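If you want the building blocks of each chain, they are given just below.
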Amino acid sequence: MLKDKNIALYVTGGIAVYKAVDLLRTFIKEGANVRVGMTESATKFVNPLTFQVLSRNEVHIDTFYESTPEHLAHIHISDWADIAVVAPATTNTIAKIAHGIADNFVTSSLVATKAPVFVVPAMNTDMYENQATQANIQTLENRGIKVLEPDTGFLAEGYEGKGRFPDKERILDELESFIIQHSEDLPLKGYKFLVSAGGTEERIDPVRYITNDSSGKTGYAIARAAYYQGADVQLVTTAEHPLPNAIEKIKVSSADEMYQVIDKLFELTDVLVMTAAVADYKVASQSKSKMKKDELADKIVIELEENPDILKAMGNKKDKQFLVGFAAETENLEEYARKKLEKKNLDMIIANDVSREDTGFNVDFNEVIILTKDDKRFDISRQTKNNIARIVVEKIINELNA
Ligand code: PMT
């Protein structure tokens, strides 16, 4: 999402400046171009050279120091930026932005920018909760500036409170959501995605269940990838992982529960992606109370009955919907996957070999073959599930536009 984005990172003076170094590294790793402006007080916490080396760009501090005669640095960086990030933002800088004060490089540049502005406050709890700070934050929000809520935890002052610089994962999620809100040309804008994730849990009794090795990582990665391309995403899942707030998460446990949710949401869905490892069978009669070992024989038989085939049922009733299945195979990968594509009336199927230890279930990597109903075939080499998800979503976009 941040690839090739121009980010102006404005660093203001608080103890959390050292965390902005890591944030900058994350932006660079994600493929963004970053230019940094610092207030004088920020330079007291971390030497500007650190930001210069990591961003591979000059760091701007003094509004009146112009290293390039062709342009004014504080105007140039604000025109160049696709997004302005103020992190950490002190109460002082927040107040200045709220009131249009331009008395240093950072605030002058922010007054001039037309890019969306994303603010990450970090300060002492009492400063954060002060009425003036809260009123200034409200002013920024009223202007469409995104102000992140700080984390609660151990502060530099030696006690617990609200005001901590958030984890970089949370900042990234919120930043990406903010960018999506400001992007008009994303290919999946207006599309509703319904994604399933994780292995279903089929109860034997209140304390035991039958499940499988699916971690839900693939489903979460697909949900994110679709969301980053502008889709409205609902995720039906048995597994728990972090997710951008804008993705609606619906927790289920059994195949029956997953079926009911998907069946209900299907009519308003444009694209259904079933990554979930749905158990084919459930326990025929679940025990309401814990089965007592003392009362059981040495060998017991648990009778199983068929679960609904969710994807097949949706395939039977689809009209406009684009259906994507995953095929977990241990042999004859392509042949079996293509049979499932036909039998379940799918538009695309992603075949993966789940007999391997370095791909498939419960690892971060996968290697897949993408097959479409009109006989296209794409071999995707072993890579992270996040990358695979991006490629799968790209292929879905191509098919939707075909
Ligand atoms: O969650 P991870 O740890 O990241 O692992 C990812 C994965 C290996 C689970 C994933 O890549 C995968 O292969 N998911 C499909 C697992 C599966 O159930 O495959 P299947 O070949 O049995 O089913 C084919 C398709 O029908 C699947 O899309 C499945 O969701 C769907 N199905 C299956 C049975 C059933 N009763 N209802 C269904 O909807």
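Shown above is the structure to which this text applies.
Residues numbered from 1 in each chain as written. Predicted model: local features only at pLDDT ≥ 70, side-chain atom pairs only at ≥ 80, totals over all residues. Heavy atoms only, no water.

1. Remarks on the overall build of the protein
Step number 1: In terms of regular secondary structure, the protein is built from 14 helices and 20 strands.
Step number 2: Its C-alpha atoms give the protein principal-axis dimensions of roughly 80 × 55 × 35 Å.
Step number 3: In the protein, which comprises 402 residues, the proportion classed as buried is 50%.
Step number 4: In the protein, the share of contacts with a sequence separation of at least 24, taken over all contacts with a separation of at least 6, comes to 65%.
Step number 5: Accessible surface computed for the protein: about 19,900 Å², of which carbon and sulfur atoms make up 47%.
Step number 6: One finds the centroid of the 48 positive side-chain charges in the protein at a distance of 1 Å from the centroid of its 62 negative side-chain charges. (Helix = DSSP H or I, 4+ residues; strand = E, 2+ residues; numbered from the N terminus. Buried < 20%, exposed > 50% of the residue type's maximum accessible area, 1.4 Å probe, protein only. Contact = heavy atoms within 4.5 Å. Areas by Shrake-Rupley, 256 points an atom, 1.4 Å probe, with all protein chains shown as cover. Lys, Arg positive; Asp, Glu negative; His and termini not counted. Charge placed at Lys NZ, Arg CZ, Asp CG, Glu CD.)

2. Re the packing of aromatic side chains
Step number 1: Going through the model one piece at a time under the given rule, you end up with two aromatic pairs.
Step number 2: With centroids separated by 5.7 Å and ring planes inclined at 50°, the aromatic side chains of Phe118 and Phe178 adopt a geometry described as tilted. Note that Phe118 is positioned in strand E5 (residues 117-121) and Phe178 in helix H9 (residues 168-181), a separation of 60 residues in sequence. With respect to burial, Phe118 and Phe178 carry one shared label: buried.
Step number 3: Positioned above the aromatic ring of Trp80, the side-chain terminus of Arg35 is 4.6 Å from the ring centre.
Step number 4: For Arg382, the ring lying beneath its charged end belongs to Phe365, and the centroid distance is 4.3 Å. (Phe/Tyr/Trp six-rings, centres within 6.5 Å; stacked < 30°, edge-to-face > 60°. Lys NZ or Arg CZ within 6 Å of the ring centre and 35° of its normal.)

3. Re a nonpolar patch on the surface
Step number 1: On the surface, Ile210, Tyr281, Leu296, Ile300, Ile302 and Leu304 cluster together to form a nonpolar patch covering roughly 490 Å² of accessible area.
Step number 2: Take Ile302: it is sitting in the loop between strand E15 (281-283) and strand E16 (304-306).
Step number 3: The class for Ile302 is partly exposed, based on a relative accessible area of 35%. (Patch = residues over 30% accessible without salt bridge, like charges linked within 9 Å, V, L, I, M, F, W, Y side chains within 5 Å. Salt bridge = Lys/Arg side-chain N within 4 Å of Asp/Glu carboxyl O.)

4. Focus on the nonpolar core
Step number 1: The biggest cluster of nonpolar side chains holds 37 residues, and the ones touching the most others in it are Phe193, Val233, Val273 and Ile396.
Step number 2: When contributions to this core are tallied by element, the ones reaching two or more residues are strand E9 (192-197), helix H10 (217-228), strand E12 (232-237), strand E14 (271-274), strand E17 (322-329), strand E18 (348-353), strand E19 (365-372) and helix H14 (385-401).
Step number 3: Considering each element in turn, this core owes the most residues, eight residues, to H10.
Step number 4: Beyond its immediate stretch of four places on either side in the chain, Phe193 contacts Leu188, Ala226, Ala231, Asp232, Val233, Gln234, Val271, Val273 and Ile396. (Core = buried A, V, L, I, M, F, W, Y, C linked by side-chain atoms within 4.5 Å.)

5. Re the site of the ligand
Step number 1: Residues in close proximity to the ligand total 29 residues, the closest being Ser214, Ser215, Thr218, Lys340 and Asn352.
Step number 2: For the ligand, an oxygen atom lies 2.9 Å from a polar atom in the side chain of Lys344.
Step number 3: In isolation the ligand offers 770 Å² of accessible surface; the protein chains occlude 96% of this area.
Step number 4: Among the elements of the structure, H10, helix H12 (310-317) and E17 are those that each provide at least two residues to the shell around the ligand.
Step number 5: Sorting elements by how many residues they give to the shell around the ligand places E17 first, with four residues. (Near = heavy atom within 4 Å. Polar contact = N/O pair within 3.5 Å; in protein donor to acceptor, adjacent residues only side chain to side chain.)

6. Quick notes on H10
Step number 1: Here H10 contains twelve residues, and its C-alpha end-to-end distance of 16 Å stays within 8% of the 16 Å for a straight helix at 1.5 Å per residue.
Step number 2: With respect to burial, H10 is a largely interior element, eleven of its twelve residues being buried.
Step number 3: When we look at burial in H10, the residues that qualify are Thr218, Gly219, Tyr220, Ala221, Ile222, Ala223, Arg224, Ala225, Ala226, Tyr227 and Tyr228.
Step number 4: Once H10 finishes, Gly230 follows within two positions and takes phi at roughly 100°, a positive value. (Expected span 1.5 Å × (residues − 1).)

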